[in-house]
Every structure is written in structure tokens, then in C-alpha cells.
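Structural features, examined
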Number of protein chains: 2
Amino acid sequence: MTSKFTTAVHILTCIDIFGEQMRVTSDFLSGSTGVNAVIIRNVLAQLRSAGIVTTRQGSGGAHLARPLNEITLYDVYKAVECIDDEGLFRFHENPNAKCPVGRNIHKVMDGRLSAIQTAKENELKSVTLAEIVADTKKIISEE
Amino acid sequence: MTSKFTTAVHILTCIDIFGEQMRVTSDFLSGSTGVNAVIIRNVLAQLRSAGIVTTRQGSGGAHLARPLNEITLYDVYKAVECIDDEGLFRFHENPNAKCPVGRNIHKVMDGRLSAIQTAKENELKSVTLAEIVADTKKIISEE
DNA sequence: AAAGTTGTAATATTATCTATTTCAACTTTT
DNA sequence: AAAAGTTGAAATAGATAATATTACAACTTT
């Protein structure tokens, strides 16, 4: 499990909150998140590939590619964590095909576990960044 | 993420399916799962602490401590993966407290993410090992 | 007493995430 | 045109965690 998902949400929140007043560079985001600037650029690259942000060489600064209420946590998660490769659970990789349990346990569990995966994804889809940013602004204003 | 959860389900399935005919030792389970025998014994120790299996030094062989339909996937998951320590997501650990976003993002996301955690746990609670074993036996009989 | 097993600690290996270094390509400013 | 600051990306290093391995004491049965 990586921390790229929460880092990405942090990044997007910063872009929205600070983007109008200043240039949100990878260096600034590195300072806010405490994550190395190169990692930030990697995450931004993944968000860019997913059509969530725009970046430009030279001029610098990241911008949202679409409105906050059209970006769900699932979109962000899918962009930065490789969902297809591995699900919520990790299988032991070398079950013995000569054992009737060993050669079938993966198949048996897959169906049950993918239901859980789906439940997680549906929860992620139900939250947009607009809500995250609204919550953040509210907390900041009450400080 | 570890593979101890799926390994544990595999182990419990084996205990039920093979337990009447033979002694299900850590060595046998190592052969069926492809997981090192010491790791198997560690998993068994965790399942024993959770009151799911019984083991004995010397005589060998693991046994179920209660009926399959009284063991949910959640029981197994809780026994072998430290649920409290870390949730479904991993946070970047050093957000900048001097940044209004940095010092609040964790709090903002926590509520949303724990809802997802709960959804996952509820799904895990809804499946018992009795169903896993029934599915496995069905597939074996059709081979 | 011998053989086989569990329980457990200590160490090694492996995989993976994160950080770091480096530099070319690009944009804006002077 | 030059300088300063930035992104994109590759290569390497470091840190962390999961898994495997080794070793052996304690235990049970034959």
C-alpha cells in the first residue's frame, strides 16, 4: 500500500485552495505534504494522465482539469494506485496445484473478495473532492 | 498488506476438509499453501489466540475450535491482520503543520475513509467459512 | 529412547515504497 | 539572448516491511 492516494487528495485540495493566489508548484506541494518533490511530480503525472490536472513545463504550476464536484475519490484512487494489479487483499502466490484445496482456494475466494472490492469502490465513488475541500475550508475558517 | 488472511482461510479450509482423515500439521499446510512452515505456525498461533483453532505441541495437528458457520471472514481477518494499527489507506506521514491544508487534511479524510473501512468490515462479516468450504467442496466434486 | 511436532527467537532474504541525484526540455523574465 | 525557475523522467540509493530460513527448546506419542 502506498500513500500516493492521500498525497494526491492533499495535492488537489491545495491546488483548489491556493491556486488562485499563487503558482502551485511541485516544490510548494512538497513543502505542504512533506513528500519529496520528485514523488509529487510523479503523482501529478498520474493525475494528468487521468485527466484530473494540467501541468506545463517551464511555466510551472498545476491546475484542475475539471470541476471539483466532477472528481470522486475513486477517480483519484484509480489514477494513482494500480487497482487492476492488486485488489484489497493479497494472495499467497504459490498454492500447491496437487492439493484440491490449493488449486481451488483462489477461485473460491475471488468471488467473495471482489464483492468487498466493489463495496469499497462504491464508497469511494460516493465522495467528491468538492466535499473534501468544503470540509477543509470549514475547518480552516474555524481555527 | 500481507497474504496472511488468504493463507489463514486456506489453512482453515484444509483443516475442515482433511482433518477427519489425517493429521493436519504445519508441514502439511506448508505444502498445500506454498508458505513456509514457520509462517504457518505463526498464523496458527494467531488463529489460536483468537479462539478459532486449537493446536498441541508434540502430538501435532490443528483443529477447529468452533463450527465453520460461526467463523466469519472478519474473524479471520481480525485475527491475522492488525486492523487497529492501519486502515485501508496509508497516509503520508509528514504533512506540514504550518500549512492550513497540511495540518487538517488528515482529519478531513479520516471520517470519509473510516466509512469505507466499515463497509469493508461489514462485507467480511457477512461471509462465513462454512460458505467458503461449501464452495470449495462443490468445485472439487465437479473436477 | 527415538521420532516427529509445535512454539519461538534470531537472522537473512526479498520486495517495494520513498527519497535522492541528475539532467534535458521548456517557459517566462530581464 | 541569457538567466532563472520549473517540469519530465531516468537511474540510483535508502528505508521499511513481509517472507523465508535457521536453530533449538519443549512437548507427545510410539
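Residues numbered from 1 in each chain as written. Chains lettered and ligands numbered in written order. Predicted model: local features only at pLDDT ≥ 70, side-chain atom pairs only at ≥ 80, totals over all residues. Heavy atoms only, no water.

The next subject is the nonpolar core. The biggest cluster of nonpolar side chains holds 85 residues, and the ones touching the most others in it are A:Phe5, A:Leu47, B:Phe5 and B:Leu47. Not counting chain neighbours up to four residues away, the residues in contact with A:Phe5 comprise A:Leu73, A:Val76, A:Tyr77, A:Val80, A:Glu81, A:Leu124, B:Phe89, B:Met109 and B:Leu113. (Core = buried A, V, L, I, M, F, W, Y, C linked by side-chain atoms within 4.5 Å. Buried < 20%, exposed > 50% of the residue type's maximum accessible area, 1.4 Å probe, protein only. Contact = heavy atoms within 4.5 Å.)

Our next topic: the pattern of salt bridges. Counted according to the given criterion, the structure contains 12 salt bridges over all chains. Close ionic contact of A:Arg103 with B:Glu143 constitutes a salt bridge, the shortest N to O distance being 2.9 Å. Residue A:Arg103 is found in the loop between helix H4 (73-80) and helix H5 (105-125), and its partner B:Glu143 is found in the segment after helix H6 (129-142); the two belong to separate chains. Residue classification places A:Arg103 among the partly exposed residues on the basis of a relative accessible area of 37%. The partner of B:Lys137 in a salt bridge is B:Asp16, with the nearest N and O atoms 3.6 Å apart. Taken together, the residues span a long stretch of sequence, with B:Lys137 in helix H6 and B:Asp16 in helix H1 (residues 4-18) at a distance of 121 residues. (Salt bridge = Lys/Arg side-chain N within 4 Å of Asp/Glu carboxyl O. Helix = DSSP H or I, 4+ residues; strand = E, 2+ residues; numbered from the N terminus.)

It is worth spelling out the side chain of B:Thr128 at this point. Residue and element names in this part refer to chain B. You can see Thr128 is positioned in the loop between helix H5 (105-125) and H6. Relative accessible area serves as the criterion here: at 15%, Thr128 is assigned to the buried category. Once you skip the residues sitting within four places of it in the chain, Thr128 turns out to touch Leu68, Asn69, Ile71 and Thr72.

Working definition of a disulfide: a covalent bond connecting the sulfur atoms of two cysteines. Applying the stated criterion across every chain, the model contains zero disulfides over all chains. The thiol of A:Cys14 is not disulfide-bonded; the next cysteine sulfur, from B:Cys99, is found 4.7 Å away. (Disulfide = S-S within 2.5 Å.)

For the pair chain B and chain A, the superposition axis carries a translation of 0.0 Å, the fit reaches an RMSD of 0.2 Å, and the rotation angle comes to 180°. Both copies of the chain, as the preceding transformation shows, are related through a two-fold rotation axis. Of all interface residues in chain B, 100% are interface residues in chain A too; the two copies therefore contact each other through one and the same surface. (Least-squares fit on C-alpha atoms with pLDDT ≥ 70 in both.)

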